[in-house]
Amino acid sequence: MTQEEMWKAVSENDASYDGIFFYAVRSTGIYCRPSCKSKIPRRENICFFDTAEQARAAGFRPCKRCRSDLLDYQPIKEIAERAKRLLEDSFRKRCGLNQELRHLGVSQRRMVEIFKDEYGVTLSEYVGNLRLAEAKRLLSDTNDEIIDIAYSIGFGGLSSFYRFFKNSTGLSPAAYRKEHRE
Ligand SMILES: [Zn+2]
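The structure displayed is predicted, hence computed values, not measured ones. (Residues numbered from 1 in each chain as written. Predicted model: local features only at pLDDT ≥ 70, side-chain atom pairs only at ≥ 80, totals over all residues. Heavy atoms only, no water.)

Asker: Provide a residue-level description of the pattern of salt bridges, including the pertinent values.
Answerer: Evaluation of the coordinates by the stated rule reveals nine salt bridges. With a closest N to O distance of 2.8 Å, Arg42 and Glu44 form a salt bridge. When sorted by exposure, Arg42 lands in the same class as Glu44, which is exposed. Here Glu134 and Arg137 are joined by a salt bridge, their closest N and O atoms 3.1 Å apart. (Salt bridge = Lys/Arg side-chain N within 4 Å of Asp/Glu carboxyl O. Buried < 20%, exposed > 50% of the residue type's maximum accessible area, 1.4 Å probe, protein only.)

Next comes the structure, spelled out in structure tokens:
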């Protein structure tokens, strides 16, 4: 995150950055969450910290108004969880996922980091896992045409689905279906 982005979040009291960084005001010795409703300090008076702990270590006191001491990593966890739910609800869509993720209020690069830290996989690996599980289920439990299955889990066509499936399982969708049928 750049200083520019952080300053923008502070000047807009953007709560979606709470927990992602803190700012401290040199003239008052106080540190705040980005969403703090106190008067916006002059830019040249503030400095940024990744964690409340770092701000404390640098000698700043928590703000009584935004209670910056009561906030640690929870919001990041919450953002990761919201992203996960969003992927689970909408992995079947072919597009628009990134756009919806953007509504969670962090930059795409930051979202990738947060998600990976929390779940150990990238966003696209996670979506891939969801698609694979659903593909396997549909192949073994339904009589749906393979092309329909491909579309229903967000692929644009048969060949991209085939490649994806074969790479993940070593089998073609048809071979998988045959093996997992009575
Ligand atoms: Zn504050």
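Asker: Before we move on, could you go through the pairing of strand β1 (residues 22-25) and cite the residues and values that matter?
Answerer: By the alternation rule, side chains of β1 split into Phe22 and Ala24 and Tyr23 and Val25, which are all buried. Alignment of β1 against strand β3 (residues 46-49), held across four bridges, turns out to be antiparallel. Opposite Tyr23, over in β3, you have Phe48 as the bridge partner. Pairing of β1 with strand β2 (residues 30-32) involves three bridges; the strand directions are antiparallel. Residue pairing in the sheet places Tyr23 in a bridge with Cys32 of β2. (Helix = DSSP H or I, 4+ residues; strand = E, 2+ residues; numbered from the N terminus. Pairing = 2+ DSSP bridges.)

Asker: Please provide a residue-by-residue account of the domain arrangement of the chain, values included.
Answerer: On domain assignment, one finds that the chain holds domain 1 (3-70), domain 2 (74-125) and domain 3 (130-179). Interface area lost by domain 2 to domain 3 is led by Phe91, Arg92 and Arg94, which between them contribute 84%. At the surface where domain 2 touches domain 3, the tally comes to one salt bridge. Where Glu134 meets Arg92, a salt bridge forms, and the shortest distance between an N and an O atom there is 3.6 Å. Here domain 2 and domain 3 share three residue pairs in polar contact (both at pLDDT 80 or more) between them. The class makeup of the residues in the side of domain 2 that touches domain 3 is two nonpolar, no polar and four charged. (Domains from an automatic or database assignment. Buried area = accessible area lost by both parts, 1.4 Å probe. Polar contact = N/O pair within 3.5 Å; in protein donor to acceptor, adjacent residues only side chain to side chain. Nonpolar A, V, L, I, M, F, W, Y, C, P; charged D, E, K, R; others polar.)

Asker: Tell me about unusual backbone geometry, residues and numbers included.
Answerer: The backbone of Asn13 sits at a positive phi, close to 50°, despite the residue not being glycine. Locating Asn13 in the fold gives a position in the loop between α1 (3-11) and β1. Of note in the backbone geometry, Arg67 takes a positive phi value of approximately 45° without being a glycine. Checked against the element boundaries, Arg67 lands in the loop between β4 (61-62) and α3 (74-90).

Asker: Report on the coordination of the zinc ion, specifying residues and quantitative values.
Answerer: Binding of the zinc ion to the protein goes through Cys32 (SG), Cys36 (SG), Cys63 (SG) and Cys66 (SG), at separations of 2.2 to 2.4 Å. Here the zinc ion binds four donor atoms, and the angle range of 104 to 119° at the metal identifies the geometry as tetrahedral. Motif for the zinc ion, donor spacing along one chain: C-x3-C-x26-C-x2-C. Of the two residues, Cys32 is situated in strand β2 and Cys66 in the loop between β4 and α3; the sequence distance between them amounts to 34 residues. Exposure class is identical for Cys32 and Cys66. Each is buried. (Donors = N, O, S within 2.8 Å, 3.2 Å for Na, K, Ca; no water. Tetrahedral: all angles 85-135°; square planar, octahedral: opposite > 155°, others 65-115°.)

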